[in-house]
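For reference, the chains in residue letters:
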Amino acid sequence: MDIKIQAKHLNLFYGTKHALKDVDLDIKKNAITAFIGPSGCGKSTFLKTLNRMNDYVKNVKITGEVTLDKENIYDSRVDTTILRKKVGMVFQQPNPFPMSIYDNVAYGPRIHGIKNKKQLDDIVERSLKAAALYDEVADRLHTSALGLSGGQQQRLCIARCLAVEPEVILLDEPTSALDPISTLKIEELLMELKQKYTIAIVTHNMQQASRIADYTAFFLVGEMVEYGKTNDVFSMPKDKRTEDYITGRFG
Amino acid sequence: MENSLFNKKSRISDKILNILIQFSTLISVSLLVVIIGYICIRGIPCFRFDYLINTTSILKNTVGILPNIINTIYIILLTLIIAGPIGIGGAIYLNEYATNKKIVEIISFTTEVLAGIPSIIYGLFGMLFFGNLFNLSYSILTGALTLSIMVLPIISRNTQVALEAVPKSYREAALGIGATKWYMIRTVLLPSAIPGVLTGVILAMGRIVAESAALLFTAGSVSALPINIFSHIFSSGGTLTIQLYLEMAKAHYEVAFVIALVLIIIVLALNFIAKWISQKFDVNKVG
């Protein structure tokens, strides 16, 4: 399968703290790749390096390379606006803007210069449908997004992300703040979205990783310990530490 | 039955404290009521609609505060036009762009000190700096420039607090979807911060309306109607508070109380508007 994103010898330092240690990892196109590991293992940090959200953290130093379709995203010529249009992100806490549902979804397209009302209407409808939210909100598109339930808000954030037609979607523990039914809905949604998009998801929930991910990477204190097909990682881990973690001996 | 739930102890210290707290509340509320009441009682009987539409003139034998009302409006608007963009812009810079936290801290501290300086000192500085050095002499512009320096801390401090209160997740969401920093500030941060920013602006307006010491030697005390809407800013103009001071100095208590009444109404109105605006523009409320 094609490789969409490739990290090569990626190191990240927060000040003097070595948060990612020489990570090599390929993310395959049209698949779901899960990053698992205990808190503080670097899985979220790694995810954020993939669309340069670490740029806004102070005293961060990154060495090595991350390529998207063979282009180094840390090259000084990179326009982060275009990068983030291609690589969208959904966060742990649903974070809709304090605007209407419609304006939330239209936010991204507007950044990228789409002003035509008809065109925006289409994008909003299409994105909400793709995020399996349209039927629930069709009659109240112009009411505040803050009135939605947590699960709906998270699907709205996915819709907002889809509205700019990304190629990759990064999700940072997207269901950890949600109830089981909302979680299930989002998992089903991701399974469907991978037909069109490349998906990378951080999760602390190993069942979730085994349910939805095609590939799984296990992180421990900044190191990428093991990476492979999800089935292999869970059924016959090569590394003792992976085995200890997935059998619940620590973490 | 020592263990019984019904063994309620009466705690004397609690009761005393309770009474003291109620008493303090009563004093602060009644002070406000007494002051406003006193001004109403003294002001309303003297109040004549004439005052609001006339100029004080010995020739025409009229008494009125229309020029002072107009001057007050001029000073408010002009000060806000000058201090608003600078204060809000400065706060945005300090909060969102400035990278050297040490310098930001020093600036924030200086701003707070600035807010505590007695206003007569601003008057002295304004008179010498804007009035003499820039040759604006006694004018509404000199007054407005002086007050701008005075209210700048109020506006910028409130804006900063409002910006700080915007959840980090909004910033992440906007930047994560490809917004540039300025686009994010314009479309997400500022709309969320508007109630706080407006609170600062309205507090500043209150300060401007109430100011007299800093205006006496900058805007002066002339009480004449504008001849030209624009050039009026270059002429001396006394606000309501200045006129109040002058009337008291001449022992014209009738007019003084009428002015006091008008001032109180303006201040109350500003406060109600502030409340209304911050509720109306609160994007974080649902519905």
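Bear in mind the structure is a predicted one, so any value in this text is a computation, not a measurement.

Caption draft 1: Inspection of the packing of helix α3 (residues 66-97) of chain B against helix α6 (residues 140-164) of chain B at higher detail. Residues and elements named next belong to chain B. Axis separation between α3 and α6 bottoms out at 6 Å; the angle between their running directions is 40 degrees. In this view, α3 runs oblique relative to α6, as classed from their interaxial angle. Note on packing geometry: the crossing formed by α3 with α6 is right-handed. Here the residues of the contact of α3 with α6 sort into 20 nonpolar, 10 polar and two charged.

Caption draft 2: Just the domain arrangement of chain B, in detail. All names here are of chain B. The domain boundaries assigned to chain B delineate domain 1 (3-43) and domain 2 (50-280). Of note, the centres of domain 1 and domain 2, computed from C-alpha atoms alone, are 35 Å apart. Counting residues at the interface gives six residues for domain 1 and six residues for domain 2. The largest contributions to the domain 1 side of the interface with domain 2 come from I39, R42 and G43, which together make up 69% of the buried area. The interface formed by domain 1 and domain 2 includes zero salt bridges. There are zero residue pairs in polar contact (both at pLDDT 80 or more) connecting domain 1 and domain 2.

Caption draft 3: Fine view of the side chain of T111 of chain B. All names here are of chain B. Mapped onto the elements of the fold, T111 is located in helix α4 (residues 101-115). Given a relative accessible area of 14%, T111 falls into the buried group. Excluding residues that lie within four positions of it along the chain, T111 makes contacts with P153 and S156.

Caption draft 4: Highlighting a positive patch on the surface. All names here are of chain B. Taken together, K8, K9, R11 and K15 make up a surface patch of like positive charges. Along the chain, K15 falls in helix α1 (residues 12-46). Of the residues examined, K15 reaches a relative accessible area of 53% and is grouped as exposed.

Caption draft 5: Examining the interface of chain A and chain B more closely. Counting from both sides, the interface comprises 25 residues of chain A and, opposite them, 23 residues of chain B. Summed over both partners, the interface of chain A with chain B comes to about 1800 Å²; 66% of that surface belongs to carbon and sulfur atoms. The largest share of the area that chain A buries against chain B comes from P98, Y107 and I111 of chain A, three residues that together contribute 27% of it. Linking chain A to chain B there are zero salt bridges. When residues of the side of chain A that touches chain B are traced back to their parent elements, those giving at least two are α2 (80-86), β6 (87-90) and α3 (101-111) of chain A. Residues belonging to the side of chain A that touches chain B are distributed by class as follows: 13 nonpolar, eight polar and four charged.

Caption draft 6: Main features of unusual backbone geometry. Residues and elements named next belong to chain A. A positive phi angle is found at D22, which is not glycine, with a value near 50 degrees. Topologically, D22 is positioned in strand β2 (residues 17-28). Residue K70 is not a glycine yet carries a positive backbone phi of 75 degrees. Along the chain, K70 falls in the loop between β4 (60-68) and β5 (71-72).

Cut-offs used in this document
- Residues numbered from 1 in each chain as written.
- Chains lettered and ligands numbered in written order.
- Predicted model: local features only at pLDDT ≥ 70, side-chain atom pairs only at ≥ 80, totals over all residues.
- Heavy atoms only, no water.
- Axes fitted to C-alpha atoms, helices over the stretch in contact; angles between N-to-C directions.
- Helix = DSSP H or I, 4+ residues; strand = E, 2+ residues; numbered from the N terminus.
- Parallel < 35°, antiparallel > 145°, perpendicular 65-115°, else oblique.
- Left-handed = near helix turned anticlockwise from the far one by under 90°.
- Nonpolar A, V, L, I, M, F, W, Y, C, P; charged D, E, K, R; others polar.
- Domains from an automatic or database assignment.
- Contact = heavy atoms within 4.5 Å.
- Buried area = accessible area lost by both parts, 1.4 Å probe.
- Salt bridge = Lys/Arg side-chain N within 4 Å of Asp/Glu carboxyl O.
- Polar contact = N/O pair within 3.5 Å; in protein donor to acceptor, adjacent residues only side chain to side chain.
- Buried < 20%, exposed > 50% of the residue type's maximum accessible area, 1.4 Å probe, protein only.
- Patch = residues over 30% accessible without salt bridge, like charges linked within 9 Å, V, L, I, M, F, W, Y side chains within 5 Å.
- Areas by Shrake-Rupley, 256 points an atom, 1.4 Å probe, with all protein chains shown as cover.
- Lys, Arg positive; Asp, Glu negative; His and termini not counted.
- Charge placed at Lys NZ, Arg CZ, Asp CG, Glu CD.

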